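So you can see what is in the structure, the chains are spelled out below.
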Amino acid sequence: MVRAFDRSRSSSFNFRKMFEKLHHSPDTTTSSSPESKSFGGSAGGSAEVHPVASPWAPSPDKGPVSRLSKNGRAYPSDIDLMKEKFAKLLLGEDMSGGGKGVSSALALSNAVTNLAASVFGEIRRLEPMPAERKARWRKEVDWLLSVTDHIVELVPSQQAAADGSVMEIMVTKQRSDLLVNIPALRKLDAMLLDCLHNFRDQKEFTYVDFKDANEAEKATGQRDNDKWWIPTVKIPPGGLSDTTKKWLQKQKDAVNQVLKAAMATNAQVLSEMEIPESYIESLPKNGRASLGDIIYKSITEEFFDPDSLLSLMDLTSDHKVLDLKNRIEASIVIWKRKMNQKDGKSSWSSAVSMEKRELFEERAETMLLILKHNFPGLPQSSLDISKIQYNKDVGHAVLESYSRVLESLAAAILNRIDDVIYADAIVSKLSLNSSSETLSPPLSPTSMTLSDFMGWNVDQGAKIKISGKFNEIFKEYENEKLMVKTPREQKKISYLERLEQWGGLRSPTARH
């Protein structure tokens, strides 16, 4: 034991002396001392020591080099990026490692959202995405979606034994909702990128920065003057050709279908998430307090027309639309909880019958569906934010975030297409009025009109002045768009007919 202690002491002593020689010798590579040649300190040792510089020691030629610096390549490798991304997911976005991070589901949802924000941003023009940004999106979204390949469920299967007998065993398979929805969302993703790529060859309309555009271009090419950072669409004087108009409408229909599919997937996933208790505690005790007297009275009447009710509401800004959406969703949650409540003495119970409460809930859901279709791309409601924040299911988190970013991208592309259609309609109307004004012959002095015969003094030479009256034409165009959405006042449509129009009836048992 003493010998072993002496040997270990001698080895550690010589090991220490070796590093002292390495640090104090002027030329460590050419040192010929016995200590530098033998590891054990004996003269007969054959193990030659090659000095290895410390990784923290400064190099005599250049300073310390970071592993993520530009050392022969412009960017970190894909392996380094993948390590960094999945390290943040494992740490729950808590880089201190103290265990105070968010759940894995919320971290993955935030990763998909942040990736889409950094790659797409705000779509300002109808143009193809740069190749490097498209490659980054496809690469990194594949990394994040690869988590769903390992979310499995056990299903029964049959296996044949060596003697020919068949036995039933349990095998793993990807979860059914992920197996169906992930490939569908990937297809919608590819369709949106292809739609942007289709605008690479169009030359008829261009974009001008808002600060560089003149007054006519600002008036005809901008639907929302508040968004001054969005470039102005510049249409040729005669308007777009018929071929371009048909092609543009075809692209709009395709993007609209993608938007509806993404909205349906997102709504389905959110409906499957549990409502957090913190959200329920913040709700009022009845639907009237949540909706207000006007909306509650309209919903509880015998005849219900959601279009006419929404036409009376102030929906001039996204904030007001979102506030109405929050109130409707809160009332739906209140009525559903009261229908599922068994205890009659609970604070959630009331004197309203079960049938009426179910009727009110279906009418509120109809209004909510109309709001979602008329105002796509709205910010998340309070209920959605609470569900996403407290969700623990990783599969639901991936489906919800992926469908949400595709919904936002489709809504942005649809807005840019509507900008072009709007600008073309204004330019075509101006050119049509100008041409009719120049081509119409003046009335002869001897001709008598009905106004002359009745004695009305009307100046025959008066002409409509088109220039400088963009606002009147814009208001007329908006009124034409609103006339399509104006509900008929002669016939009141019941809520059952409205439900059939907005996607079919649902039985009470199918909903619960």
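Remember, it's a predicted structure, so these values are computed and weren't measured experimentally.

Peer 1: Tell me about the overall build of the protein, residues and numbers included.
Peer 2: Helices and strands together make up the secondary structure of the protein, namely 20 helices and four strands. Taken over 512 residues, the protein has a buried fraction of 34%. Taking the contacts inside the protein whose residues are at least 6 apart along the sequence as the reference set, 74% of them involve residues at least 24 apart. Here the protein displays about 32,600 Å² of accessible surface, and carbon together with sulfur accounts for 55% of that area.

Peer 1: Can you explain the nonpolar core? Please cite residues and give values.
Peer 2: Counting 57 residues, the largest nonpolar core has Trp137, Phe205, Ile413 and Val420 as the members making the most contacts within it. Elements supplying a minimum of two residues to this core: helix 4 (104-119), helix 5 (131-145), helix 6 (176-197), helix 8 (242-272) and helix 16 (394-439). For this core, the element with the highest residue contribution is helix 16, accounting for 15 residues. In terms of nonpolar packing, the next biggest core, distinct from the first, is built from 20 residues, Ile299, Ile332, Trp335 and Met367 among them.

Peer 1: Can you lay out the pattern of salt bridges for me, pointing to particular residues and giving the numbers?
Peer 2: Counted according to the given criterion, the structure contains 15 salt bridges. Asp418 is paired through a salt bridge with Lys252; the nearest N and O atoms lie 3.0 Å apart. In this pair, Asp418 is assigned in helix 16 and Lys252 in helix 8, connecting sequence segments 166 residues apart. Among the residues examined, Asp418 registers a relative accessible area of 18% and is labelled buried. Between Arg416 and Asp419 there is a salt bridge, and its shortest N-O distance comes to 3.0 Å. Note that Arg416 and Asp419 are positioned in helix 16 at a spacing of three residues, about one turn of the helix. Like Asp419, Arg416 is buried. Put simply, Lys85, Arg136 and Glu140 are held in one network by salt bridges that share partners.

Peer 1: Before we move on, can you summarise the environment of Val147 with the specific residues and values?
Peer 2: One can find Val147 in the loop between helix 5 and strand 1 (152-160). In sequence terms Val147 and Leu108 are 39 residues apart; their C-alpha atoms lie 9.3 Å from each other. Setting aside its immediate chain neighbours within four residues, Val147 contacts Phe86, Leu108 and Val394.

Peer 1: Which residues make up helix 3 (residues 78-91), and what are the values?
Peer 2: A rise of 1.5 Å per residue sets the reference length of helix 3, with its 14 residues, at 20 Å; its end C-alpha atoms lie 20 Å apart and thus fit the reference within 8%. Regarding helix 3, the residues found buried are Asp80, Lys85 and Leu89. On its buried face, helix 3 sits against helix 4 and helix 5. Backbone geometry just after helix 3 places Gly92 at a positive phi near 65°.

Peer 1: So what's going on with the environment of Leu312? Residues and values would help.
Peer 2: With respect to the secondary-structure elements, Leu312 resides in helix 12 (residues 306-312). Residue classification places Leu312 among the exposed residues on the basis of a relative accessible area of 70%. Considering only alpha carbons, one finds Leu312 and Ile295, 17 residues apart in sequence, at a separation of 9.9 Å.

Peer 1: How would you explain the packing of helix 5 against helix 6 if you had to name every residue and give the values?
Peer 2: Running from N to C, helix 5 and helix 6 point in directions that differ by 175°, and their axes come no closer than 13 Å. When the axis of helix 5 is compared with that of helix 6, the two are roughly antiparallel. Across the interface between the two elements, Lys134, Trp137, Arg138, Asp142 and Leu145 from helix 5 touch Ile182, Arg186, Asp189, Leu193 and His197 from helix 6. Looking at the contact of helix 5 with helix 6 residue by residue, the classes come out as four nonpolar, one polar and five charged.

Peer 1: Can you tell me about the packing of aromatic side chains, naming the residues and giving the values?
Peer 2: Counting across every chain of the model gives five aromatic pairs. For the pair Phe205 and Tyr207, a centre-to-centre distance of 6.0 Å together with 80° between the ring planes defines the contact as edge-to-face. Owing to a relative accessible area of 2%, Phe205 belongs among the buried residues under this scheme. We classify Tyr207 as buried; its relative accessible area is 16%. With a centroid separation of 5.9 Å and 55° between ring planes, the pair formed by Trp335 and Phe360 is classed as tilted. In this pair, Trp335 sits in helix 13 (residues 318-340) while Phe360 sits in helix 14 (residues 354-374), placing the two residues 25 residues apart along the sequence. A residue is classified by how much of its surface remains accessible, and Phe360, at 7% relative accessible area, is buried. Counting every residue linked through ring pairs, the aromatic cluster contains Tyr296, Trp335 and Phe360.

Conventions used here
Along every chain, residues carry numbers that run from 1 in the direction the sequence is written. Residues qualify for local features only when their pLDDT is at least 70, as the model is predicted, and side-chain atom pairs are given and counted only at 80 or more; totals for whole chains, interfaces and linings, by contrast, use all residues. Side-chain measures here rest on the full set of heavy atoms in the structure, leaving out hydrogens and waters. Numbering of helices and strands runs from the N terminus; a helix is a DSSP stretch of H or I covering at least four residues, while a strand is a stretch of E covering at least two. Buried means the residue's accessible area, taken with a 1.4 Å probe over protein chains only, is under 20% of the maximum for its type, while exposed means over 50%, and partly exposed covers the values in between. The contact rule is simple, with two residues in contact once any of their heavy atoms fall within 4.5 Å. Using the Shrake-Rupley algorithm and a 1.4 Å probe, accessible areas are obtained, with residue cover drawn only from the displayed protein chains. Only buried Ala, Val, Leu, Ile, Met, Phe, Trp, Tyr and Cys residues count toward a nonpolar core, and they belong to the same one when joined by side-chain atoms within 4.5 Å. Here, a salt bridge means any side-chain nitrogen of Lys or Arg that lies within 4 Å of a carboxyl oxygen of Asp or Glu. One less than the residue count of a helix, multiplied by 1.5 Å, gives the span that helix is expected to have. An axis is simply a line fitted to the C-alpha atoms; with a helix, the fit covers only the stretch in contact. Between two such axes, the angle follows the N-to-C directions and lies from 0 to 180 degrees. Roughly parallel means an angle under 35 degrees; roughly antiparallel means over 145; roughly perpendicular covers 65 to 115; every other angle is labelled oblique. Three classes are used: nonpolar for Ala, Val, Leu, Ile, Met, Phe, Trp, Tyr, Cys and Pro, charged for Asp, Glu, Lys and Arg, and polar for all others, with Gly counted as polar. Here the aromatic set is Phe, Tyr and Trp, taking the six-membered ring for Trp, and pairing holds for ring centres within 6.5 Å; pairs whose planes are under 30 degrees apart are stacked, those over 60 apart are edge-to-face, and all others are tilted.

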